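Reading the structure
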Amino acid sequence: MQVSGKIKSKKIVILGTGGTIAGTAAQAGDNLGYTAAQVGIGQLVAALPALASSRFELLSEQVAQVDSKDMDFGVWRALAQRVAHWLAQDQVQGIVITHGTDTLEETAFFLQAVLDPAKPVVLTCAMRPATALAPDGPQNMLDAVAVASHAGARGVVAVCAGVIHGAFDVQKVHTYRLDAFSSRDAGPLGYVEEDRLCLLRNWPSAHAGYGPLAIKNIAIEAQDQSWPRVEIVMNYAGADGRAVRALAADGVQGLVVAGTGNGTLHHALEVALLEAQAGGVRVVRATRCLEGRVLPKAGDALADSQGLSPVKARVALMLELLSKVAKA
Ligand code: ASP
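Residues numbered from 1 in each chain as written. Predicted model: local features only at pLDDT ≥ 70, side-chain atom pairs only at ≥ 80, totals over all residues. Heavy atoms only, no water.

A few words now on the packing of aromatic side chains. Here the structure, examined in full by the defined rule, presents 6 aromatic pairs. Plain terms: the ring middles of Phe 109 and Phe 168 are 5.8 Å apart, the flat faces sit at 65° to each other, and that makes the pair edge-to-face. In this pair, Phe 109 is assigned in helix α3 (residues 104-115) and Phe 168 in the loop between β8 (163-166) and β9 (171-172), connecting sequence segments 59 residues apart. One aromatic cluster in this structure is built from Phe 73, Trp 76, Phe 110 and Trp 227. (Phe/Tyr/Trp six-rings, centres within 6.5 Å; stacked < 30°, edge-to-face > 60°. Helix = DSSP H or I, 4+ residues; strand = E, 2+ residues; numbered from the N terminus.)

Here the focus is the site of the ligand. Near the ligand, the surroundings consist of Gly 19, Thr 20, Asp 67, Ser 68, Lys 69, Gly 100, Thr 101, Asp 102 and Ala 126. Within the contact set of the ligand, an oxygen atom lies 2.5 Å away from a side-chain nitrogen or oxygen of Ser 68. For the ligand, a nitrogen atom lies 2.7 Å from a polar atom in the side chain of Asp 102. (Near = heavy atom within 4 Å. Polar contact = N/O pair within 3.5 Å; in protein donor to acceptor, adjacent residues only side chain to side chain.)

Running from N to C, helix α6 (residues 242-249) and helix α7 (residues 267-278) cross one another at 15°; their axes reach a closest spacing of 8 Å. Viewed along their axes, α6 and α7 adopt a mutual orientation that is roughly parallel. Like other packed secondary-structure pairs, α6 and α7 cross with a definite hand, here left-handed. Residues Val 244, Arg 245 and Ala 248 of α6 touch α7, and the partners they reach there are Leu 269, Val 271, Ala 272, Leu 273, Glu 275 and Ala 276. (Axes fitted to C-alpha atoms, helices over the stretch in contact; angles between N-to-C directions. Parallel < 35°, antiparallel > 145°, perpendicular 65-115°, else oblique. Left-handed = near helix turned anticlockwise from the far one by under 90°. Contact = heavy atoms within 4.5 Å.)

Right under this line is the structure:
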């Protein structure tokens, strides 16, 4: 879809995947009882006349229409393919992706890890549906386009409530407030202020080199069912390791454990995880704490998540296992 009639040489592509930003409720005042992923991306873009004054031609494409709590590997694969397709075109300056807030941080990490884009890929979202009395999606979308338009912007970022977060750090931290995301200890990458960017630190770049093999496998070979099975378990009072043994018996290939504090584990859970590891399951230790990272020490029997939250460590482990399959 071409939003503006002007001929402009560079393009920004807006990919729709659903979420609350595309949600509708029967009553305009209802911020809770709505259905996500109802309004098409073309309609969301057309509802923002301010976008017509963009320096760029705006194109939109519906890649999926899901509540992001239901995100799956099929959508990720399709999205990675479409993002890679558009990024490869010289005339494309950047990409905006509309997405639900629930799993936005996982999609952001996934796209950064497999694509490491040299152009901006900006995920945006909303905490209120499009039909709300005061929806937040329209401003978030304008802010996301401002970030995607910025000369020198690169990598996968998220934009919500005027704050720019890097893909490695972003995490949903609130169930209701419009400013629902945090970059935890790293702090935000910057802010969007009336179309201008106030940048505090560098754009995201490569992470541990999952890139080419993983994207090739995702794009060409992997079907949903062939993604490695990686599950998350947690440490808590009374954790006894039975869930770990059941998962190992069921053929799980990787486990991320959300430990307490600095990745500490109930001794019974630790025994079960070490057994699973000895049996060939890859085990990674993250923390259930919101801030901080697991700091490794000499002699640790279980690898740490290198600062990644449990859900991102899970994506990283899936990609690592996927890359090994591709290499074999
Ligand atoms: N459940 C919605 C989603 O993640 C929530 C949201 O977008 O805020 O798609």
